[in-house]
Every structure is written in C-alpha cells, then in structure tokens.
Amino acid sequence: ADPVVDTDPEVLYVSSKKNIVLFGDTIHIQCIFAGRPTPDITWRRVNSTMPPTAIFLNDNYELVIPNATFRHSGKYECIATNSVGTKSYRTRIVVQSKPYFIEPWVPFIEGLKFGTYQLECPVAGVPPVSILWYRNGVPFYPKPDSDPFHLIRGKFGDRLVFEKAVPEMTGVYQCNASNIHGNIFANAFVNIADCPICPQRPFPICGSDGNTYKNSCFMRMKNCIEDTDIQPVLCGPCINTTSGDAEGPPSAPSDTHLQSCSYGKRGKEELSDSIAEVMWQQSNGYCVPILNYIVEVKNTTSNASAAWEILYDNIPGDILRVTAKLPPVGNYRLRVRAITEIGVSKPSRETSECPGRGGGQSIDISDANRNTDDSAPGSGVSRTMTCGAIAWPLLFAILRHFW
C-alpha cells in the first residue's frame, strides 16, 4: 500500500468574496478546508475586533453573527492550519438596509394663506434612497427653484416647501422613498385655510408695521385680509419698545435636567454609546408659539469651557424631552434653546454632567447621530407615541401657533 502523505490545507468551499446582508438579518460565512491532518480553522476580523455576538459552528467552519448592524460591515478572514502548512481566505461583509424613517413623519400640517410651510421626508437607507413626491395620489416633481412648490435639502432628506401658500394647495401629500431593497411611504394632510377667526385672549404683540395687536392671530388675520407681510417684532405693546420693557427673543427653556444617563448597559441592553435622556419645561410668557427646540452639547472631558455644538436642531415645539445618543468616551453637558417667529432664545441652564467610560479623548459630536452603528434605523428624537398617535398633540400645537 502507498504510504499516507500529509497535505497542505486545501479549499473545499468558501463563501463569496462579497456578501450583502440586510440590517437585522443574520450573517453566515463558511470556510471548509480539506487536508491531512484535518486543518484547524480560526477566524479574525481584518483591522478590527470580532463582534462579541459572533458564534462559531461546525468545528469553526461557519461564522454566524446574528442581528447584523452597520458596524458589522468589513473584511473577515478564516485561517486553516495543520502540521504541513497554513492557508487563509478573506471575504467582505456589507450591511445594507431598506429605507427607514430617521424621525417620525409629521402626518398633519395646518396653515394660513400666504404663509410658508415645510414638509420633510426624513428617510435614509443603504444604498441611498430615491424620493418621489405625490399629491392626491398623482406624482408631481417640484424643483429646487420652482414656485409655489420647491425642494430644499433638509437635515435628513428632501424638504417640500409651500411658498406663499394658498387654499388650493390643500391636499394629501405623500413621500415615497425607495432603494434596491424596498420602499417606504407616508401620507400627510396639508390644510391651507383662509383668514382665521381669532380668540379674544389678550397677549399683546408688536408687529413690524409699528402697531400693537391683541395677539399673534390678529396680526396674521390682517396679513390675510390685506395681503400684507407683517412680522412679529417684540412680545408686548410697541409703545414699550422705547423704555426697554418689551420682550425680544423668547425666554430660555427652564428646568433643563438629565432624567437619566446610561452607558455600557441599560437593563439587559448592551449600549455602544452613552444615552442621555434630557427633559425641560417651556417658560411662561411667550407671545408666539414655540416652533422648535435646539439641543446643544459640549464635551467637557479635557476643557470645561469647550465650545457648544448643535446635537439636534429641529425638535418640535410640543416635545419637551429627547433621548440623545453620545459617543461612549467623554463627559458631556447639554442645554436647550427655543425658536419662535421672533427669534432664538438664550440657552437654558446646562444639565449636570453625563459621564462616559472615561476621558482623555476628543470625539466629534457630529458622529453621534449618524446611522453607522448598532442603533436600529430610526433612532434619534425620543417620543413615546407612534406617528399616528402624534396627530392630535401636533394638531393642538399647530392651532396654538395660530391662536
């Protein structure tokens, strides 16, 4: 009989050089080698650490990573070794996703004639999405410079602008976003009304025409009836502007504080980032409604007087809390500003410090909200209601804006 000869590891079956996996699916990579003696199989991730959730099956011939996230994208290498030699094979994992909403869709907009209103389609996906707009079920194609509709680039995607709105613009508008993996859409009812009927509640406001109006609704009613463009200038009667008693920009939000600050683990959940839940109160004395809030943050790890940076710039005026995602290394403080038609408020008092795992490393805050990590598509502003459930609170906020 011929003598038994030991042989180098030899490839029998390996996964493709490039493997596309959808966000949330399970990653499977296989490397099957022959040889004498039977090779031992080991795995490594090229230029990075192996995910802690990785599982090795079938004598290490198969690498399994459940619940794929964008952070799992990269090159992986299997290495076959026996007493004769070593061979290796590399494969690339690319995690992609269907379109998803980054922030809740606003399902209802009510405005007055000649006002300017915006409807944003806050969607993302990998590969990037294409957005189509529909009006009453029919596709329409607003351009960046078209009138009365035009598109601008918003924080998260296309933003449809209704310029000098008229009642004829009333209708159902749909954002439809798609990529090679699927599509997602949502409807919004836009109602542009004629001149309002105003409540008699006194809340004096000074207009840009030098006249004092009982409240902001009466000023808008004059704009509507006379086709003017009077803007709010100050809270309070115009006569007080010479004495310095009238209010300018809105008061700063009050009672800004950290409700919670978590890192490492939150209950049974593994966290790759620090999670800070921030709450605040609306100050009294606004003569016009709060349109939005701005949440700012600064990294105080190495410098207590570090510059403030904008973390969120479009928190709806009826929301008084946000769950902020921060890099895990560093210590952070947060504060809030309010935005009205008159201007931007002074900042609120900053929160107490939200500590991460340690200091000594400068991290760009702009990375905190990119969808390239373990957060599920759609993270960002924390709301305790679904898109459908926000319709009534949003409607009340809009009506308050016009009254």
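In this report, we go over the structure that sits alongside the text. (Residues numbered from 1 in each chain as written. Predicted model: local features only at pLDDT ≥ 70, side-chain atom pairs only at ≥ 80, totals over all residues. Heavy atoms only, no water.)

It is worth spelling out the sheet that holds strand β14 (residues 149-153) at this point. Spatial ordering of the open sheet is given by β10-β15-β14, a layout of three strands whose pairing is antiparallel. Single-partner strands in this sheet number two, and they are β10 (117-120) and β14. Taken over all neighbouring pairs, the strand axes of this sheet differ in orientation by 30° on average, direction set aside. The pairing of β14 with strand β15 (residues 158-162) spans five bridges and is antiparallel. Its bridge partner being in β15, His 150 is matched across the sheet by Val 161. (Pairing = 2+ DSSP bridges. Helix = DSSP H or I, 4+ residues; strand = E, 2+ residues; numbered from the N terminus. Axes fitted to C-alpha atoms, helices over the stretch in contact; angles between N-to-C directions.)

Two faces make up the sheet, and in a regular strand the side chains alternate between them. Taken together, the five bridges between strand β2 (residues 18-22) and strand β8 (residues 86-101) define a ladder with parallel strand orientation. Paired with Lys 18 across the bridge in β8 is Arg 92. As defined by bridge partners, strand β7 (residues 74-81) adjoins β8 across eight bridges and the pair is classed as antiparallel. Looking across to β8, one finds that Ala 80 is bridged to Lys 87. Linking two consecutive strands that pair antiparallel, namely β7 and β8, is a turn of four residues. Relative to strand β11 (residues 123-126), β8 is paired through three bridges, and the arrangement is antiparallel. Bridged to Tyr 100 within β11 is Ala 124.

Looking now at the side chain of Gln 96. Mapping Gln 96 onto the fold places it in strand β8. Residue classification places Gln 96 among the buried positions, given a relative accessible area of 11%. Within the structure, the side chain of Gln 96 is placed 2.6 Å from the side chain of His 181, a separation counted as a polar contact. If we ignore the near neighbours within four places in the chain, the residues touching Gln 96 are Ile 20, Val 21, Leu 22, Phe 23, Phe 70, Val 126, Pro 127, Ile 180 and His 181. (Buried < 20%, exposed > 50% of the residue type's maximum accessible area, 1.4 Å probe, protein only. Polar contact = N/O pair within 3.5 Å; in protein donor to acceptor, adjacent residues only side chain to side chain. Contact = heavy atoms within 4.5 Å.)

Another aspect to go through is the state of the cysteines. This structure, assessed with the given rule, holds three disulfides. What pairs with Cys 121 in a disulfide is Cys 175, and their sulfur atoms sit 1.5 Å apart. Linking Cys 121 in the loop between β10 and β11 with Cys 175 in strand β16 (residues 171-179), this pair joins segments that are 54 residues apart in sequence. For the residue pair Cys 121 and Cys 175, the accessibility class agrees, reading buried in each case. In this model Cys 206 forms its disulfide with Cys 238; the gap between the sulfur atoms is 2.0 Å. (Disulfide = S-S within 2.5 Å.)

Here we take up helix α1 (residues 216-226). Given 3.6 residues per helical turn, the α-helix brings residues three or four places apart onto the same face. Restricting attention to buried positions, one finds in α1 the residues Ser 216, Cys 217, Phe 218, Met 219, Arg 220, Asn 223 and Cys 224. Its side-chain oxygen at 3.0 Å from the backbone nitrogen of Cys 217, Asn 215 defines the N-terminal cap of α1. In the stretch just after α1, Asp 227 is the one whose phi turns positive, near 55°.

This part is about the packing of aromatic side chains. Per the stated rule, a full pass over the model turns up six aromatic pairs. Geometrically, the ring pair formed by Phe 162 and Tyr 173 is edge-to-face, given 5.0 Å between the ring centres and 90° between the ring planes. Taken together, the positions of Phe 162 in strand β15 and Tyr 173 in strand β16 put the pair 11 residues apart, joining distant regions of the chain. The exposure classification of Phe 162 matches that of Tyr 173, with both residues buried. (Phe/Tyr/Trp six-rings, centres within 6.5 Å; stacked < 30°, edge-to-face > 60°.)

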